[in-house]
Every structure is written in structure tokens, then in C-alpha cells.
Amino acid sequence: MKANPGGAVTGDAILGREDEISEMWAKLEKRSVILSAERRVGKTSVLRKMCDHPAKGWIPLFCFVEAARHPIDCVEKIFAEANQLEARSGKGVLLGRIRSAYQKVAGTEISGWKLPPLQSDWKRLLNELMADISECTDNKVVIILDEFPHMISNIIDDHGGAAGMEFLDTLREIRQKFEPTNQIRFLLSGSIGLHLILQQLKSEYGYKGNPTNNMAWKILAGMTDKDVRLMCRKYLDEENISRNETDDFDKRMAKCTDVLPIYIQHICERFQDSNRQGVTPEDIDLELRELMDSREIEWFRNTAERIETYYKKLNADQRASDILKMLSHKESFVQEKAIIDYIRSQMTVEHDSEVVSTLELLLDDNYLDRDTSTGERRYRFKYDIMRRWWKINRG
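Conventions and cut-offs
Residues numbered from 1 in each chain as written. Predicted model: local features only at pLDDT ≥ 70, side-chain atom pairs only at ≥ 80, totals over all residues. Heavy atoms only, no water. Pairing = 2+ DSSP bridges. Helix = DSSP H or I, 4+ residues; strand = E, 2+ residues; numbered from the N terminus. Buried < 20%, exposed > 50% of the residue type's maximum accessible area, 1.4 Å probe, protein only. Contact = heavy atoms within 4.5 Å. Expected span 1.5 Å × (residues − 1). Axes fitted to C-alpha atoms, helices over the stretch in contact; angles between N-to-C directions. Parallel < 35°, antiparallel > 145°, perpendicular 65-115°, else oblique. Left-handed = near helix turned anticlockwise from the far one by under 90°. Nonpolar A, V, L, I, M, F, W, Y, C, P; charged D, E, K, R; others polar. Salt bridge = Lys/Arg side-chain N within 4 Å of Asp/Glu carboxyl O. Phe/Tyr/Trp six-rings, centres within 6.5 Å; stacked < 30°, edge-to-face > 60°.

Considering the sheet that holds strand 10 (residues 378-381)
Taken together, 3 strands build an open sheet; the order of strands is 8-10-9 and the sheet is antiparallel. Unpaired on one side and paired on the other, strand 8 (334-335) and strand 9 (368-371) mark the two borders of the sheet. Bridging between strand 9 and strand 10 involves 4 bridges; their strand directions are antiparallel. Bridge pairing links Arg370 to Tyr379 in strand 10.

In C-alpha cells:
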């Protein structure tokens, strides 16, 4: 199998993640779910695999909403997927509620969704659509909104905080209405931390709501060791590239890449492109060092840019940058007090809580890990491969 790092993969080309997917379906049996993951961890591939091979009794509707800039855009995306569901259903004429509501508002059958009257009445249209979906099939339906936090940020930017808050609260009301029937679940996913958007709404607009407190959380991290072995077999063994010291090779691959699939693919692609007949554990280190200097790979640039954009909205960008700069030079955990002292040496800090709150943002945003086993809070980068990149490019 050819490695395709960063490319769109579907079907059997999406390797592994069976344990994580099983956990997701188990959570969905009870409630809706928020899936959080750093960009390029493989989140969308997991969602597509869930759609390709849904659990028994489930029908997934996958909606990529990163470009949505108004609630009606989200309604349009869900309708398009539900319309496909209607074509597969044997229950006769469906989606009658949303069609009727659309016609009353727009004066015509469904054709486009940009008319001002539709935008104004998006809440009623969304509720009618949910009622239609709940009646559409005897199976359970999970509505997957990929890059959901990005959509909320777009709505806030274009229409103000009130529009973003109203949309979040409306989705919560819909979940409360339909989840007791076990007919509809939502899976909200994104590489931008939803907590950053909620914090912005609270600090800038006085938002008092808690729109996700009835949802389960799942943080997607690196792959399991068995999935690393699977990827090595597929990308190397099946391409006639032998692995010397197989067990040591797989362990080195897992350690060097923090079991993040895209970087496993990058290394395997380099082995494939160089027409290697055999590779050793040491070859992984050599390839990774060269990759670290490559401008052709995105690496963690988007992660760094998030500090300069979303954290700036919270006036936490400089503190976050300095925290990450310091920790990029530390392989082991660092005490919270040492971090506070360092930040105080770099800028004016009125209260220690300012630094602590920024550490919590970075922790929730998958930049950092925290350890409390010693009775003190200590932090380090969540992924050592990110720390190494940060040290070279931002440290």
C-alpha cells in the first residue's frame, strides 16, 4: 500500500483506529459526543471510517461545515445529507416538514438557501428538519458536524456573538428534545478547541450558557501500538521493504512519531520513494531529522498560527507563546511555579491566575500534558515531536 500523508483517504486505505471507533459508538449509545483532536491527527479519517462502516442500527450523516458562515449554511448541509438518506429509505415520502416550512418562507420549492427570509427563520427550519430526520428511519441517526468550532467562529465573526450564542443554545435545545427518543445524536468535531470559542463568548459577550454540558468528550490522540505495526506492515512489508529488527523498528517508529499516523506515513513514504529494500530503526531517526527541516511539510504551523489568532482574541497569545517557548526546551515535566516565574520574567503579570488560566487553555487545546502525581501541577508538551518542531521553529 502506498503511503499518502495528508491526502484524502477512504475505505480500506484508512488503517486502524478500531478501538477508538468502538469507544465512539459506545458513547453515542448514551449521548451526543464532542470529538477533539489536534489538526492532522486523523480525526476526519476516523469520521469517514465511521460513516463507511457504521455500527449496527446507526445511520451517519457526515457534514463538513468549516466553510459555513451562517446557521442556515449548517441547515443546508444537514438537509443535503438527509436528502440522500431519504433516497435510501423505504418509508415513503420524507422530509415533508422541512419542504413545507421552506415553501412557506420562500414561496417556492427548495432550490437555494441564501434568501434573507430563510436566514431569518433558520431556527424553525432546523427544528423541522430534525423532526423529519427523527421520522425518516427506524435506525438511529448521528449527525456529524466536522470542524464545528470553526463554523461557530465564522458565525461570530460575520454576525456577532449573539448569533453564535443563539445557535449553540438552539442545538442544545434540539438535543434535549430528541435525544430521549434515542433517534438522533450529534457528533461535533474540530481541530480548533471549542473551549476557546466558548471562552471568547464569555469574555467578550457575557455568555452564561453551557451548551455542551450534556455531551460526552473524546480526545483523539496517537494510535495504538498494534495500529503502528499494521501501518508498518502495509506501507513497508507489502511494498517489499523489509524491516530489520522488526519489534525494535515498530517501537522506534511509535516513539519517534508519538504514534501520530500522518508522520508515520511521511517516514514510510520517504522509504518508498527512495526504493529502499530494507530499513532499520536508525533509519527512522535519520529520516525524521531531515523531515524536521522540510518546508514541504505543514508540521505544526497551523497549531502555531492558532496562538496568533484565537488566543489573541482572549489576550492570551503572548503568555501562551512564551509558555510554549520555555517548555519546548524541556523534555520532562516542569513545575507550574517555575513556569509562572519564567513568564513573570518575560512580561508584567498582575496575578498568577493569568498564567494558570493560559496553561489550562493549552491543556484543553491538546498542546500540553499535565501530571499531578507528585502533588504539584507539572506540564510538558503533549507530543514530543511537536516540542522538537517548536524548539526549532518557535523556540
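Section: helix 10 (residues 225-235)
Within helix 10 the residues assigned to the buried category are Asp227, Val228, Leu230, Met231, Cys232 and Tyr235. At its buried positions, helix 10 is contacted by helix 1 (18-28), strand 6 (242-243), helix 11 (246-257) and helix 12 (261-273).

Notes on the pairing of strand 5 (residues 216-219)
Residues Ala216 and Lys218 point to one face of strand 5 and are all buried, whereas Trp217 and Ile219, pointing to the other face, are not buried. Looking at chain direction, strand 1 (residues 33-36) and strand 5 are connected through 4 bridges and run parallel. Its bridge partner lying in strand 5, Val33 is registered against Ala216.

Examining helix 6 (residues 122-136)
The first and last C-alpha atoms of helix 6 sit 21 Å apart over 15 residues, in line with the 21 Å expected at 1.5 Å per residue. Along helix 6, the residues classified as buried are Trp122, Leu125, Leu126, Leu129, Met130, Ala131, Asp132, Ile133, Ser134 and Cys136.

Observations concerning the packing of helix 10 against helix 11
Between helix 10 and helix 11, the shortest axis-to-axis distance is 10 Å and the interhelical angle comes to 110 degrees. Accordingly, the angle class assigned to the pair helix 10 and helix 11 is roughly perpendicular. Our pair here, helix 10 against helix 11, has a crossing hand that is right-handed. Contact residues: Asp225, Val228, Arg229 and Cys232 in helix 10; Phe249, Asp250, Met253 and Ala254 in helix 11. Taken together, the residues of the contact of helix 10 with helix 11 sort by class into 5 nonpolar, no polar and 3 charged.

Quick look at the pattern of salt bridges
All chains considered together, the criterion is met by 32 salt bridges. Among the salt bridges present, the one from Glu147 reaches Lys43, with a minimum N-O distance of 3.2 Å. Of this pair, Glu147 sits in the loop between strand 3 (140-146) and helix 7 (148-159) while Lys43 sits in helix 2 (residues 43-52), placing them 104 residues apart in sequence. Take Lys43: its relative accessible area is 6%, and that puts it in the buried class. Residues participating in the shared-partner salt-bridge network are Arg270, Arg276, Asp283, Glu287 and Glu290.

Focus: the packing of helix 6 against helix 8 (residues 161-178)
At a minimum axis distance of 11 Å, the contact between helix 6 and helix 8 shows a crossing angle of 25 degrees. One element, helix 6, and the other, helix 8, form an angle in the roughly parallel class. For the element pair helix 6 and helix 8, the recorded crossing hand is right-handed. Between helix 6 and helix 8, the residues in contact are Trp122, Lys123, Leu126, Asn127, Met130, Ala131 and Ser134 and Glu166, Phe167, Thr170, Leu171, Ile174 and Phe178, respectively. Its residues placed into classes, the contact of helix 6 with helix 8 shows 8 nonpolar, 3 polar and 2 charged.

Regarding the packing of aromatic side chains
Within a pair of aromatic rings, the relevant descriptors are the distance that separates the centres and the angle that separates the planes. This model, assessed by the stated rule, comprises 12 aromatic pairs. Judged by centre distance (6.1 Å) and plane angle (80 degrees), the rings of Tyr367 and Trp390 are edge-to-face. In this pair, Tyr367 is assigned in the loop between helix 17 (352-364) and strand 9 and Trp390 in helix 18 (residues 384-393), connecting sequence segments 23 residues apart. As far as burial versus exposure is concerned, Tyr367 and Trp390 are alike and both buried. Here the aromatic rings of Trp389 and Trp390 are separated by 5.9 Å at their centres, their planes lie at 75 degrees, and the arrangement is edge-to-face.

Notes on the environment of Met165
Looking at the secondary structure, you find Met165 in helix 8. Met165 sits in the buried class, given a relative accessible area of 14%. Each C-alpha atom, one on Met165 and one on Pro211, is 8.8 Å from the other, the two residues being 46 residues apart in sequence. When residues no more than four places from it in sequence are discounted, the contact partners of Met165 are Leu201, Tyr205 and Tyr207.

A word on the sheet that holds strand 4 (residues 184-190)
Pairing is parallel in the open sheet, where 5 strands are placed in the order 2-3-4-1-5. A single partner strand is all that each edge strand has here, and the edge strands are strand 2 (58-64) and strand 5. Here the strands of the sheet are splayed against their neighbours by 20 degrees on average, with no regard to which way each runs. Pairing analysis gives 7 bridges linking strand 2 to strand 3, with the strands arranged parallel. Directly across from Phe64, in strand 3, lies its bridge partner Asp146. Here helix 2 sits on the sheet and contacts strand 1, strand 2, strand 3 and strand 4; the angle it forms with strand 2, its principal contact strand, is near 145 degrees. In the packing of helix 7 onto the sheet, the strands contacted are strand 3 and strand 4, and the crossing angle to strand 4 comes to about 80 degrees.

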